Amino acid sequence: MEFINESYIFTLLNDEKLKSSEFQKETIQKSKEAKGLSLKECAALLNITDPEILEEMFLTARQVKEKIYGNRLVLFAPLYITNLCINNCLYCAFRRDNKELKRKTLTIDEIREETEFLVRQGQKRVLLVCGEHPKKTGLEFIGEAIKTIYGVKINGGNIRRLNVNTAPMSIDDFKTLKSFGIGTYQCFQETYHYRTYLKMHPNGPKRDYAWRIYSVERALQAGIDDVGIGALFGLTDYKFETLALLSHAFNLDERFGIGPHTISVPRLEPAFNAPLSQKPPFAVDDASFKKIVALIRLAAPYTGIILSTRERAELRREIFKVGVSQISAGSRTSPGAYKESQESLEEFEMEQFQLGDHRTLDEVVRDCCALGFMPSFCTACYRSERTGDRFMELAKTGNIGKICVPNAIATFKEYINDFASEETKKVANDFIEKELNELSGTTKLKTEKMIDRVNRGERDVFF
Ligand code: SAM
Ligand code: SF4
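So, how was this worked out
Residues numbered from 1 in each chain as written. Chains lettered and ligands numbered in written order. Predicted model: local features only at pLDDT ≥ 70, side-chain atom pairs only at ≥ 80, totals over all residues. Heavy atoms only, no water. Helix = DSSP H or I, 4+ residues; strand = E, 2+ residues; numbered from the N terminus. Rg over C-alpha atoms; globule rule 2.2 N^0.38 Å. Buried < 20%, exposed > 50% of the residue type's maximum accessible area, 1.4 Å probe, protein only. Contact = heavy atoms within 4.5 Å. Areas by Shrake-Rupley, 256 points an atom, 1.4 Å probe, with all protein chains shown as cover. Lys, Arg positive; Asp, Glu negative; His and termini not counted. Charge placed at Lys NZ, Arg CZ, Asp CG, Glu CD. Near = heavy atom within 4 Å. Polar contact = N/O pair within 3.5 Å; in protein donor to acceptor, adjacent residues only side chain to side chain. 1 Å grid on protein atoms, 1.4 Å probe; cavity = no way out; pocket = protein on both sides within 12 Å on 5 of 7 lines; lining within 4 Å. Sits in = over half its atoms within 2 Å of the grid points. Nonpolar A, V, L, I, M, F, W, Y, C, P; charged D, E, K, R; others polar. Salt bridge = Lys/Arg side-chain N within 4 Å of Asp/Glu carboxyl O.

Enquirer: Explain the overall build of the chain residue by residue, including any values.
Expert: When helices and strands are counted, the chain shows 20 helices and 11 strands. Here the C-alpha atoms of the chain give a radius of gyration of 21 Å, agreeing with the 23 Å that 2.2 N^0.38 yields for 463 residues. For the chain, the residues scored as buried account for 62% of the 463 residues in total. Long-range pairs, those at least 24 residues apart, make up 74% of the contacts in the chain between residues at least 6 apart in sequence. Element-wise, carbon and sulfur atoms account for 51% of the exposed surface of the chain, whose accessible area totals about 18,100 Å². Taking the average location of the 66 positive side-chain charges in the chain and that of its 65 negative ones, the two points are 2 Å from each other.

Enquirer: Explain the site of ligand 1 residue by residue, including any values.
Expert: Lining the immediate environment of ligand 1, one finds 19 residues, of which Y91, E190, K206, R212 and E269 sit closest. For ligand 1, a nitrogen atom lies 2.9 Å from a polar atom in the backbone of Y91. The separation between a nitrogen atom of ligand 1 and a polar main-chain atom of E269 is 2.9 Å. If ligand 1 stood free it would expose 560 Å²; the protein chains cover 96% of that surface. Applying the majority rule of atoms within 2 Å of the grid points places ligand 1 in the largest cavity. Grouping the amino acids of the shell around ligand 1 by side-chain chemistry returns 9 nonpolar, 4 polar and 6 charged.

Enquirer: Outline the site of ligand 2, listing residues and values.
Expert: Around ligand 2 sit C85, N87, C89, Y91, C92, F94, R95, G131, K206 and Q352, and those are all the residues in its vicinity. Classifying every residue of the shell around ligand 2 gives 5 nonpolar, 3 polar and 2 charged.

Enquirer: I'd like a description of the pattern of salt bridges, backed by residues and values.
Expert: On inspection of all chains with the given rule, the structure shows 33 salt bridges. For E318, the salt bridge identified is with K290, shortest N-O distance 2.7 Å. Taken together, the residues span a long stretch of sequence, with E318 in helix α13 (residues 313–320) and K290 in helix α12 (residues 286–299) at a distance of 28 residues. Under the relative-accessibility criterion, K290 is labelled buried at 15%.

What follows is the structure, given as structure tokens:
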């Protein structure tokens, strides 16, 4: 794994010159061009301690995000299909040594019911998640699950993009996975630090670091256009982890010309009977977490950054401002939990880790509007085959905004009309009005026409 050069990363982290506030300021200035940064420059930004320089970095991260993606925040929810797992990750409740966890694999009918719940909430994107199990997470079952999820249609509402977060596969299996019509394939390395990785994964197939780190490459080779990477923050020093994660992203960009479609930044949360999760060995405080997200935005400006409901609502609001572009909302992390009662003991006994944000999708949508972020349910790029390099080309030429604004407003209007509570309707309609007032010319006309079509009952309006 020559692209994760541990000794080079440690050299950068120990380099006194990279603590110079002059160099840090110059680097922030450079990052305004939205062309990315070198690893050395990333190390310098991680070293920032001066509150004023830090504020400048946060502001720049927001500006860069808004220049590329506007004020939109894409929403999704995870759907867990099984908590069976043959791995033994020390931080996860699904680990096989957790004999007290209630194990459950959804039936196809239960997957349909979970999807119906999500569609009725207004969700349009799902992230399919599962443990690793030779029988229960085989491709045949995953394929059936995906077909079932895409097949749910309720009054024009349906899941229009399904991303997956599963164990690594061979190229041939990834080809089969692609044939199911998935969006992004995600696989988090957890920790890029080799020795820590071996400690965290005492046995099971996941112990193979190389098989995991090359999984997204195999997915790309199999023709899956969009891949997502991530690290589980809290397992090792966050500065090392961030530089290694970015090395991975840069390497994908150099070799495949597109880089990861998304980067996820999960932080280690308490998990039932997971020895390591109660007291993370390298717990990342909120301020450092914010710095990590801002740095990723400046270092890899065109990559989607995903923030999950692991984090508390107040912190999520702060982190939205420094470059996040996709968020989960109204999530549950155990199989069958959407349909089952909220927060029941049973659910806790099956969930993967504890959530920090328990709000419903409707509440999160309302909050986003109040904060000036447009909730986006748009899946137009995917369905117009603007994925992989075609999507990146649009983003890099600054054209994504022209297409996104009308599409995002139209799909948001669809959400408001079909699913929003009365309280949210008011805030959200005012928000759309304000957005429309900021448009002009053909974009405004086009958007108004699309809204009109939605108001007349047409669904899934996009171009
Ligand atoms: N089992 C597959 C795997 O490990 O790649 C796929 C899904 S796994 C359920 C999804 C992710 O959950 C893991 O990659 C890990 O980063 C995250 N995770 C596990 N335990 C966690 C915890 N205690 N807190 C936060 N995230 C956790
Ligand atoms: Fe299994 Fe994934 Fe949890 Fe590890 S993180 S125990 S592989 S579900």
